[in-house]
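Here are the chains, one letter per residue:
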Amino acid sequence: MLPISLEFFPPKTPEGADKLRAARQELYTLQPEFCSVTYGAGGSTHAGTFTTVGEILAEGVEAASHFSCIGATRAKVCDQLAQLKSMGVKRLVALRGDLPSGYGMGGEFHYASDLVEYIRTECGKDFRIEVACYPEVHPQAKTPQSDLQAFATKVKAGADSAITQYFYNSDAYFRFVEEARKLGVDVPVVPGIMPIINSSQLLRFSDSCGAEVPRWIRLRLQSFGDDAASIRAFGVDVVADLCERLIRGGAPGLHFYTMNQAAATLAVARQIGALR
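Criteria and cut-off values
Residues numbered from 1 in each chain as written. Predicted model: local features only at pLDDT ≥ 70, side-chain atom pairs only at ≥ 80, totals over all residues. Heavy atoms only, no water. Buried < 20%, exposed > 50% of the residue type's maximum accessible area, 1.4 Å probe, protein only. Helix = DSSP H or I, 4+ residues; strand = E, 2+ residues; numbered from the N terminus. Right-handed = clockwise from strand over helix to strand, strands pointing away. Pairing = 2+ DSSP bridges. 1 Å grid on protein atoms, 1.4 Å probe; cavity = no way out; pocket = protein on both sides within 12 Å on 5 of 7 lines; lining within 4 Å. Points joined across faces, edges and corners; volume = space filled by probe spheres on them. Nonpolar A, V, L, I, M, F, W, Y, C, P; charged D, E, K, R; others polar. Salt bridge = Lys/Arg side-chain N within 4 Å of Asp/Glu carboxyl O. Axes fitted to C-alpha atoms, helices over the stretch in contact; angles between N-to-C directions. Parallel < 35°, antiparallel > 145°, perpendicular 65-115°, else oblique. Left-handed = near helix turned anticlockwise from the far one by under 90°. Contact = heavy atoms within 4.5 Å. Phe/Tyr/Trp six-rings, centres within 6.5 Å; stacked < 30°, edge-to-face > 60°. Lys NZ or Arg CZ within 6 Å of the ring centre and 35° of its normal.

Draft legend 1. Spotlight on the pairing of strand E7 (residues 189-193). Along E7, five of the five residues are buried, which leaves the element largely enclosed by surrounding structure. Here E7 shows no split at all, with Val189, Pro191 and Ile193 on one side and Val190 and Gly192 on the other all buried. What joins strand E6 (residues 161-166) to E7 is helix H6 (residues 170-182), and the crossover it makes is right-handed. Here two bridges tie E7 to strand E8 (residues 254-257), and the two strands are oriented parallel to one another. The residue of E8 that forms the bridge with Ile193 is Phe256.

Written out as structure tokens, the structure is:
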């Protein structure tokens, strides 16, 4: 079976933590290769991220902590890496990350490639390192070529594999992988998959992070208005079709951005025959 991984964000309330625990138990029927947990701007969710990672490990599933470096010192990063290692974490998603609004750049790391290189120097092969990449170009990149080069630099610094930003155009993914290979990038590039749960939330989030929602999908979603059942059914069909195209094209796995919910991801998995 194709490897599947899942992403969660650290809950902000006890109620959210309970809901996430229940969602994880449902999603574990997919037998994920690992589950990753996001890391807020400037490490703002550091405690919640590590707590959630620890819970996943205690549930017998491999957990990957997101780990961002912007604004951080080497000493702080070294301490946190030691903490994760002591917890039994063996996989990291290494990111530049964002600073909280109103903060200057600061810190001793300016790029994700700096962080990857530092982890490799300090920890050797203690961690498997995932990095991010952007088939539709990072919103802050000056050019598509510079964005591809930045990805190649992260891989050359020691990354083991990559997870993409989500997208709904499979051609963008296959073209990106082809161009990355020409730069000597030979690590697996796993497509990130965003199930469609809430249309207004998806469109707003996509506009802010630079992920393209094709016009035909955008218009169909808008045409459903507040009909949540139609939005969910349409979303499952669209995302399942995308996954099938990616699988046929040789994608090495699927990484689902679950939004801490189980139903949409499970519906897509069921439709593509990925329920274990």
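After that view, the rundown keeps rolling.
Draft legend 2. Local environment of the layout of surface pockets. Looking at the second largest pocket, its volume works out to about 240 Å³. As for the second largest pocket, its lining consists of 14 residues, of which Ile196, Ile197, Asn198, Ala228 and Arg232 are closest to the centre. Contributing elements (two or more residues each) for the lining of the second largest pocket: helix H9 (228-248) and helix H10 (263-271). Looking at the lining of the second largest pocket, the element that brings in the most residues is H9, giving four residues. Of the residues contributing to the lining of the second largest pocket, the split by class is eight nonpolar, four polar and two charged.

Draft legend 3. Layout of the pairing of strand E5 (residues 128-133). Judged by how many residues are buried, E5 sits mostly within the fold: five of six residues are covered. As paired strands, strand E4 (residues 91-95) and E5 are joined by four bridges and run parallel to one another. Bridge assignment links Arg91 to a residue of E5, and that residue is Arg128. For E5 and E6, the ladder comprises four bridges, and the chain directions are parallel. Directly across from Cys133, in E6, lies its bridge partner Thr164.

Draft legend 4. Molecular detail of the pattern of salt bridges. Applying the stated criterion to the full structure yields 15 salt bridges. Notably, a salt bridge pairs Lys85 with Asp126, separated by 2.7 Å at the nearest N-O pair. Separated by 41 residues along the polypeptide, Lys85 in helix H3 (residues 74-87) and Asp126 in the loop between helix H4 (112-123) and E5 bring together distant segments of the chain. Put simply, Glu130 and Arg91 hold a salt bridge, and the shortest N to O gap is 2.5 Å. Remark: Arg91 occurs in strand E4 and Glu130 occurs in strand E5; sequence separation between them is 39 residues. For Glu130, a relative accessible area of 2% gives the class buried.

Draft legend 5. Inspection of the packing of H3 against H4 at higher detail. It is the contact of H3 with H4, at a shortest axis distance of 11 Å, that shows an interaxial angle of 60°. Accordingly, the angle class assigned to the pair H3 and H4 is oblique. As H3 packs across H4, the resulting crossing turns out to be right-handed. Facing Arg74, Val77, Cys78 and Leu81 of H3, the residues of H4 in contact are Leu115, Tyr118, Ile119, Glu122 and Cys123. The class makeup of the residues in the contact of H3 with H4 is seven nonpolar, no polar and two charged.

Draft legend 6. Seen up close, the environment of Ala141. With respect to the secondary-structure elements, Ala141 resides in the loop between E5 and helix H5 (144-156). Remark: the alpha-carbon pair of Ala141 and Glu244, spanning 103 residues in sequence, is separated by 30 Å. The residues contacting Ala141, other than those within four sequence positions of it, are Ser146 and Asp147.

Draft legend 7. Geometry of the packing of aromatic side chains. Under the definition given, this model contains 11 aromatic pairs. When the centroid spacing of 5.9 Å and the interplanar angle of 65° are considered together, the rings of Tyr166 and Tyr168 count as edge-to-face. Here Tyr166 falls in the buried class, since its relative accessible area comes to 1%. A centroid spacing of 5.7 Å and a plane angle of 10° characterise the contact between Phe167 and Tyr173, whose relative ring orientation is stacked. Overall, Phe167 belongs to the buried group, its relative accessible area being 0%. Here the aromatic cluster, defined as three or more aromatic residues joined through ring pairs, consists of Tyr166, Tyr168, Phe205 and Tyr257. In this arrangement the basic side chain of Arg74 is found over the ring face of Phe109, its NZ or CZ atom lying 5.1 Å from the centre.

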